[in-house]
Every structure is written in C-alpha cells, then in structure tokens.
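Here is how the chains run, residue by residue.
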Amino acid sequence: QADDAGAHGTLDFKDPTIAFASMNTLQLFRSWLVFQTCAIGWVVRNCDALYGLSVRLIGSRVTHGLLRYSLFNHFCAGESATGIVPRMDHLRSFGVGGILDYAAEAKDEQPPKAEKVKDGDEASTIGAPRSARTYTYAGESLCDANAEIFLDAIRAVRDASPDGFAAIKLSGLGDPKLLERMSTCLVEMTRLFMRLSSDGAACPTTPYYCIDLSFPLDWDAFSAGWRRFFKVEDEAALRQMFDKIDSDQDGRITFLEWSDTIRLSEINEIVRTCINQGPLYNAALDEEELQLYMNLCGRVRKIMQLAQEFGVRVMVDAEWTDIQPAIDHLVIFLQRDYNIGDRPIVFQTYQTYLKGMHQSVLRDLERSRREGWYFGAKVVRGAYMVSEREKASQRGVESPICETYDETQENFHATIESILRHNHGAHGAAAPIRGETSPGELLIASHNQSSVELATRLIAELGKDQSSVYFGQLLGMADNLTFTLARNGYKAYKYVPYGPIDEVVPYLIRRTQENSAILGSPGVQEERAMIGRELRRRMLPF
C-alpha cells in the first residue's frame, strides 16, 4: 500500500527494510560484497586481465560459474528471454517493472574511461554501460542479425514484463558511419536555415543543440538568402518550395516547418544548384548511402511494428553527438507513425548534459502538439562526457557538454519540469488531437535522490497522474529509490540487462569499473551503509 507521504511528494528513501525487502539475506550479502569489491582500485583497474587469467588457469566454465553467482546475478536478470521470467516476476511482485536490454557485447571492445562524478551523476543515464556501447559495422547481414535480437527483446518484454519497455540502439541497425554522414547533412541543413536569415550567420563551432533557431523566415528573407547559396533559374519553383515548407500558410517558415518538410532523400537534388561546394554539398548522401538509409529505416520499422502489435514501448537510446542528429531525425518520424494510438510506443532519449537540450525538448513538445501525437521521452544526464570533451578539444571547437555538474543538473531539472507542466495542460481525449496538447509519458532515469524528490514534488504540486511518469534505476543499484517509489504508488522500473554470460562479460567488467568511479559519492556510500545496517538487523536482531 502507498504511504500517505507519497501523496504529497515527500518520501523516506532511508528505510532499508523497504529498500531491500526483495532480497533474502544471502542476496543482500552478495550486494554488499559487490559494492565492496568495486571499491578496491587495483582489482577494478585490472579486472579484464584478471578475468583472462582466471579463464586460463581454471577454465571458462568455473570462471563463469563464479561470475554467475556474483556480478552476473547482481547486475543481470538471466541469460535468455525465458530465463529472466522468474526475476521479472519477483520484481513485479514488489510493484517494479522492467526495461529489458540484451546486453551482449563485442569481446574486443575496450571499456570506457572512468570519470570522477558528483553524487547522483552515476545515474547520468539509466543503463550507462548499454548507452556507452558501440556496434562495429561488419555489413548489412550483421545489422539484420541485430534487428532480430531487438525483435526478441520486444517478445521478451511481452512475456516477462508486460508493462515494461525494450531498449534499442540505432547504431546496431546500420553503419555508424552512415549515421554520422546523415547527422552532418542534417546539421548543415540546420545551419543553412540560420544562414538564410538576412542577419543570420551560424558559427561552425557552435554546438548543434545551441544553434539559435527561434526566428522565422518570411518570403523576402527566404528568397534573398536562398539566392546567396543556390542558383535560381525558376522563380515560380522557388516560391512553390517556400509555400510547401510553410505548412500553416502564415507567410513565414519556422524551423519546425523547415525540419519537418525537407527530406534527406531530397537534399541531393537541392545541392546540385549550390553556387559553391561547401559543407552541405559534401554532406549530401549519394545513391548507395540512400539505399543503406532505407535499409536502416526498414529494420527500425519492423521492430516498431512488432512493438505496436504487442503493445510494448520502445526506448531508443541516445548515443554520441556525431550521430545523434540522425537518431533524433529518425525518432521524430517514428513517433509520428507509432505514437498516435492510445499511448506512445516510441520514446526519445534526451541527454541533458548537452548544452541547449532543454530548448530541443521544448521544440519537440511543440512539434507533438502541432502534429497531434503522443510525446514519449526518457530523460537522462548523459553517457559520453569524457569522449565528447576530448573530441571537441581535438577539433578545436566548443564542447557540447555543460561546463559544470550544476549546469547539467539545472538542465535536467528544467527538462523534467517542462515535460510535466506540458502534460498538466493536456486534454483528456483518448487519442491525440492535432493542434492541442496531448498527454505524454516520461521516464526519469536517475539515481540522484534530489532529482527524484524534485519530480515527486512537481507531480504532487501539479496534481499529475502518476501513471504516466516513470522512474528508472539500474538493476543492482539504487534499490532505496526504486522500491520506495514503488511502495508509494509510483511507476518504478529497473533497467534489466540479460544475455549469455560469456557474451555479457564485457558489460560486467564495464559495470564494475564504472562503480569504482562512483562509490565515493555520498549517495552510493549511503546505499552501502544501508545494506550494512540491514544485514546487521537481520543477523543480530537483538
């Protein structure tokens, strides 16, 4: 039963009897042991080598047996879609759902660099190890095989966690280099919109999400700007293009209209009339790339169609900024097609450690209102902080990452509040209505207690229906948040990796290394202390 305090948005996250009620004493001791091991620096730094040594000395069967009853069972739910059912049933008995992710990784992948973080930053993404994983492109057949894995994940959600989610990565369904080319093309089209303004001059070093897109273009500005960059032989054709983009026929083109109207497949034709062969000309996809793009779209649609058939919601993971614009572009088109029934199927992931992300969220909220589809979002902090800053430094451009943790926190909280307030003003119809605010769904992925408390207070303040707001934490971590939220009637989820243990070892190594970087934070130290107190209470009741 929900505690009375939950109705007012004030929860007690310090009660270990609630936090660890789902674990028996042996499992609780395993949790304590895992956290302690992750705090031993030399073990964590060398765990990949220690794993290899163990396989050589005692064999893979014994090594994997030891891992199965320690790290694997702590952070993963099982080895197959059927094998995870008991764990998911157990979580569901405590009111906790699942976000399923097939976590097998390429064996030659290197773990990411660890980074010192503040309290709660460990949950910058739910499923950070998954989000930080990249796929190696080895041909279209491998992409087809990855699509089948994601289809199996959809079926697994239906069978093991009916009210849950599946997580997918678009970089596994197409060549990441293709996604990078698509992103470059989309970024250049965004900069072109700014340059078309009579006083607009997009700085090439400005982070993508920070480009000022607030101004509209009337016919005079559009016509004059277009002539600066393209040859115009047919005035009527140019006017026809303007009228086509101006979807509401108010005589002005907004960025939403611009980005919604021009297709990647049409950019090739546009750049043929470029006066100079600049970045946009070089970024246009050729015929072979357009075919690969269509292959990618076909795989994604096959996954979403099955998800729609089963009523399974799909979270599309955010990835690194070189390919994220392409992911944003694809997700918007998917949301238009699959978020129009009685609930959203496709969820976009917003990384709020990126400068300007809050404005991007506001644009997408407005887009969903104008076009009449359900907004679905997972809000995270971000998983590529170190690599993004390094790339920006190497390229001599401004980093896309917020300069401080406090800026990221402010961005994160502002995004959550904007989405909740958007939903508060939504109509109560059973389906989206074009031009009116439709209620969306939001998953807040955080291990930061203050962020969770902010969200519960806003829900109480707005009188928001708790059933459309979800909270997510990694399996094996932040149980005091997950189970307390569930106990008080909130929709709480665990991010649940699964897969064959020999293929999931890189994930376990990554999880251990990331834990070593965060165990010094006050939040995780408190969780470890809570485990210790609960163990003492159970073993020394007097």
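Residues numbered from 1 in each chain as written. Predicted model: local features only at pLDDT ≥ 70, side-chain atom pairs only at ≥ 80, totals over all residues. Heavy atoms only, no water.

### Quick look at the packing of helix α9 (residues 219-229) against helix α10 (residues 235-245)
Convention followed: Lines fitted to the C-alpha atoms define the axes, with helices restricted to the stretch that makes contact. Angles between their N-to-C directions range from 0 to 180 degrees. Numbering of helices and strands runs from the N terminus; a helix is a DSSP stretch of H or I covering at least four residues, while a strand is a stretch of E covering at least two. Any angle that is under 35 degrees is reported as roughly parallel, and any over 145 degrees as roughly antiparallel; angles of 65 to 115 degrees are reported as roughly perpendicular and all others as oblique. Should the near helix be turned anticlockwise from the far one by less than a right angle, the crossing is termed left-handed; should it be turned clockwise, right-handed. Any pair of residues with heavy atoms lying within 4.5 Å of one another is described as a contacting pair.
In the contact formed by α9 and α10, the axes pass within 11 Å of each other and the chain directions differ by 125°. In this view, α9 runs oblique relative to α10, as classed from their interaxial angle. Crossing geometry of α9 relative to α10 is assigned as right-handed. Within the contact between the two elements, α9 uses Trp219, Phe222, Ser223, Trp226 and Arg227 and α10 uses Glu235, Leu238, Arg239, Met241 and Phe242.

### Quick word on the pattern of salt bridges
What counts is decided by this rule: A carboxyl oxygen of Asp or Glu within 4 Å of a side-chain nitrogen of Lys or Arg is what we treat as a salt bridge.
Scanning all chains against the criterion turns up 38 salt bridges. Between Lys244 and Glu266 there is a salt bridge, with its nearest N and O atoms 3.6 Å apart. Residue Lys244 is found in helix α10, and its partner Glu266 is found in helix α12 (residues 264-271); the two are separated by 22 residues along the sequence. Measuring nitrogen to oxygen at the nearest pair gives 3.3 Å for the salt bridge that ties Glu441 to Arg313. Placement of the pair is Glu441 in strand β8 (residues 441-445) and Arg313 in strand β5 (residues 313-316), with a sequence separation of 128 residues.

### Notes on unusual backbone geometry
Glycine aside, residues mostly have negative phi angles, and peptide bonds mostly take the trans form. One non-glycine residue, Gln249, lies in positive phi territory at about 55°. The topology assignment puts Gln249 in the loop between α10 and β4 (252-253). At Ala478, a residue that is not glycine, the phi angle is positive and equals roughly 55°.

### Points about helix α4 (residues 47-75)
What counts, and what does not: Expected span, for any helix, means 1.5 Å times one less than how many residues it has. Bend, in this description, refers to the angle at a residue between axes fitted to the seven residues ending there and the seven starting there. Only protein chains enter the calculation, and the probe is 1.4 Å; a residue is then buried if its accessible area is under 20% of its type maximum, exposed if over 50%, and partly exposed in between.
For α4, spanning 29 residues, the distance from its first C-alpha to its last is only 16 Å, which falls clearly below the expected 42 Å at 1.5 Å a residue. If you look at α4, its biggest bend is around 120°, right at Gly59. Among the residues of α4, Cys47, Gly52, Ser54, Thr63, His64, Gly65, Leu67, Leu71, Phe72, His74 and Phe75 are the ones counted as buried.

### Details of a nonpolar patch on the surface
Heads up, the rule is: Note on patches: the residues involved have over 30% relative accessible area and no salt bridge, like charges join within 9 Å, and the nonpolar side chains Val, Leu, Ile, Met, Phe, Trp and Tyr join within 5 Å. Exposure was quantified through the Shrake-Rupley algorithm and a 1.4 Å probe, taking into account, for residues, occlusion by the shown protein chains and nothing else.
Residues Ile40, Trp42, Leu50, Leu53, Leu57, Ile58, Val62 and Leu66 make up a contiguous nonpolar surface patch of roughly 770 Å² in combined accessible area. Overall, the relative accessible area of 42% leaves Ile58 in the partly exposed class.

### Remarks on the nonpolar core
How we decide: We define a nonpolar core as any set of buried Ala, Val, Leu, Ile, Met, Phe, Trp, Tyr and Cys residues linked to one another through side-chain atoms lying within 4.5 Å. Domain start and stop points were drawn from an automatic or database domain assignment.
Within the largest apolar cluster, 114 residues are counted, with the highest numbers of intra-cluster contacts made by Met182, Phe222, Trp226, Trp258, Ile267, Met304 and Phe471. No other element matches helix α8 (residues 176-196), which puts 10 residues into this core. Each of domain 2 (80-109 + 128-177 + 289-498) and domain 3 (184-283) accounts for three or more of the residues forming this core. Residue contacts for Ile267: discarding those within four places in its chain leaves Cys185, Met189, Ile262, Leu280 and Ala284.

### What about α12?
How we decide: Arc definition: directions from the helix axis to the C-beta atoms.
Burial in α12 covers these residues: Leu264, Ile267, Asn268, Ile270 and Val271. Taken end-on, α12 shows its buried residues confined to a sector of 165°, consistent with a single buried face. In this fold, the buried residues of α12 make contact with α8, α9, α13 (279-283), α14 (287-310) and α15 (324-338).

### Description of the pairing of strand β9 (residues 469-474)
For clarity, the threshold we go by: Strands are treated as partners if at least two bridges between them are detected by DSSP. Every crossover in which the path from the first strand over the helix to the second runs clockwise, viewed with the strands pointing away from the viewer, is termed right-handed.
With six of six residues buried, β9 lies mostly within the body of the structure. Going residue by residue along β9, you find Val469, Phe471 and Gln473 tucked away on one face and Tyr470, Gly472 and Leu474 tucked away on the opposite face as well. In the sheet, β8 pairs with β9 via four bridges, with the strands oriented parallel. Following the sheet pairing, Leu442 is matched in β9 by Val469. In this view, the connection linking β8 to its parallel neighbour β9 by way of helix α19 (residues 449-462) has right-handed handedness. As defined by bridge partners, β9 adjoins strand β10 (residues 491-498) across five bridges and the pair is classed as parallel. Within the sheet, the bridge partner assigned to Phe471 lies in β10 and is Ala492. Each parallel crossover has a hand, and the one from β9 via helix α20 (residues 479-487) to β10 is right-handed.

### A look at the sheet that holds β9
Here we have eight strands rolled up into a closed barrel, ordered β1-β2-β5-β6-β7-β8-β9-β10, and parallel in their pairing. With strand direction ignored, the average angle separating the axes of adjacent strands in the sheet is 30°. As paired elements, strand β7 (residues 376-380) and β8 share four bridges and run parallel to each other. Note on β8: the bridge partner recorded for Ala377 is Leu442.

### What about the packing of helix α7 (residues 140-160) against α14?
In the contact formed by α7 and α14, the axes pass within 9 Å of each other and the chain directions differ by 10°. By the angle class used here, α7 and α14 are roughly parallel. As α7 runs across α14, the sense of the crossing is right-handed. Touching Glu140, Cys143, Asp144, Ala147, Glu148, Phe150, Leu151, Ile154, Arg155 and Arg158 of α7 are Leu292, Asn295, Arg299, Lys302, Ile303, Leu306, Ala307 and Phe310, all from α14.

### Concerning the environment of Phe347
Structurally, the position occupied by Phe347 is in strand β6 (residues 346-351). Sequence separation between Phe347 and Phe165 is 182 residues; the distance between their C-alpha atoms is 9.6 Å. Sequence-distant contacts of Phe347, that is, excluding residues within four places in its chain, are made with Phe165, Arg313, Val314, Met315, Val316, Gln335, Gly376, Ala377, Lys378, Glu441, Leu442 and Tyr470.

### Notes on the UniProt feature "domain: EF-hand" (unreviewed entry) in the protein chain
Under the convention used in this document: UniProt positions are given in the numbering used here, feature names are shortened, and annotations may be inferred rather than shown by experiment.
UniProt annotation of "domain: EF-hand" (unreviewed entry) refers to residues 233-268 when read in the numbering used here. In residues 233-268, helix accounts for 64% and strand for 6%; the two terminal C-alpha atoms are 17 Å from one another.

### Observations regarding the side chain of Ser418
Examined against the element boundaries, Ser418 turns out to sit in helix α18 (residues 405-424). Beyond its immediate chain neighbours, meaning those up to four positions away, Ser418 contacts His358, Leu362 and Leu365.

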